[in-house]
Amino acid sequence: MSAQKNMADPFASDPSRVDADDASPGGVVVRQRTRIAVQALQLPLDRNWTVAQLRDGKQRLAQTAAKQQLRVLEPPLATLLANPAVDPPEEWSWQLLQPVSGRVQVDALDEDISVGRTHGGTFVQATTTEGLAGLDRLYEHLFRDYLPRYKHRLTRPCIYHRATDGVEGDDPNGLLLVVFVPVMLSLVRGELGPSVSAAAAE
C-alpha cells in the first residue's frame, strides 16, 4: 500500500466548541479539536530549525514510510517539547513526527529516526499566517487569554505545528502554521506562569 493513500486526519472537529468568533485583535481564530493517539516516526529538529530542514525531514520520513509500506495518517507535525508560557526558548526542543499505521521495522530505520507516538485528547487549534515570527504572539494569545478564559490549562509540554503552506520556499515567516495545543479543564487560578514575552526575556 502506498504511504500516501487514504490519508486521514486524526484531528477531528468537536461540534460542541467551535469558537469561530473568538479572535484576538490580530484575528487569531481558535477552535477545539479532539484526536486519537497514534504511532509516529520521529526525527529530531534543531532548536532553531529552518524551512529547508523541515522540508528535508518531511521528505525523509515520507520515504521511510513508503519504504516500509506504512500508511501515512496525516501531514507531519513539528512538535515543540516545552511549555512556551514558562520555559525560555533556549530550553525548547523540537521533533518532527510523521503519524503512521502499520508494523514498523525498527532495525531498518536510520540511526536518527525512531518510533514514538502522538498524544490523544482535547486540543485547541489556532493558525498563524506569519510563520515562525507569529508563534510568540499566537502563544501569548492562547496562554494568557484563551486558556484562562475557558478555564483550561496545558495538559503536557507537547505542542503540534502543521505547516500547510510555504514549505517549498525558504522564508520561515512565509509558513502557514496550524498549531494544536493539548488542554484540560482547570479551576485553579494563576498556574499558567509568566507571559511568553517575559519568559523569553529571562
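Refer to the structure presented above.
Conventions adopted
- Residues numbered from 1 in each chain as written.
- Predicted model: local features only at pLDDT ≥ 70, side-chain atom pairs only at ≥ 80, totals over all residues.
- Heavy atoms only, no water.
- Phe/Tyr/Trp six-rings, centres within 6.5 Å; stacked < 30°, edge-to-face > 60°.
- Helix = DSSP H or I, 4+ residues; strand = E, 2+ residues; numbered from the N terminus.
- Buried < 20%, exposed > 50% of the residue type's maximum accessible area, 1.4 Å probe, protein only.
- Pairing = 2+ DSSP bridges.
- Core = buried A, V, L, I, M, F, W, Y, C linked by side-chain atoms within 4.5 Å.

(A) How the structure looks around the packing of aromatic side chains. Evaluated as defined, the whole model comprises four aromatic pairs. Taken together, a centroid distance of 6.1 Å and an interplanar angle of 75 degrees make the contact between Trp92 and Tyr139 edge-to-face. Highlighted residues: Trp92 in the loop between strand E5 (77-80) and strand E6 (94-101) and Tyr139 in helix H2 (residues 135-149), separated in sequence by 47 residues. You'll find Trp92 and Tyr139 in the same group, each marked buried. Here the aromatic rings of Tyr146 and Tyr150 are separated by 4.6 Å at their centres, their planes lie at 45 degrees, and the arrangement is tilted.

(B) How the structure looks around the pairing of strand E10 (residues 159-165). Of all the seven residues making up E10, five are buried; the element is thus mostly covered by neighbouring parts of the structure. When E10 meets strand E11 (residues 176-185), the two strands line up antiparallel, connected through five bridges. If you follow Asp165 over to E11, its bridge partner there is Leu176.

(C) Representation of the nonpolar core within the structure. Counting residues in hydrophobic clusters, the biggest one holds 40 residues, and the most contacted among them are Leu41, Trp94, Phe143 and Val181. Where this core is concerned, the elements lending two or more residues are strand E3 (38-45), helix H1 (51-67), E5, E6, strand E8 (121-128), H2, E10 and E11. Ranked by residues supplied to this core, first place goes to H2 with seven residues.

(D) Structural view of unusual backbone geometry. In this structure, Gln69 takes a positive phi of about 55 degrees despite not being glycine. With respect to the secondary-structure elements, Gln69 resides in the loop between H1 and strand E4 (71-72). Positive phi, close to 55 degrees, is recorded for Lys151, a residue that is not glycine. With respect to the helices, strands and loops of the structure, Lys151 is situated in the loop between H2 and strand E9 (152-154).

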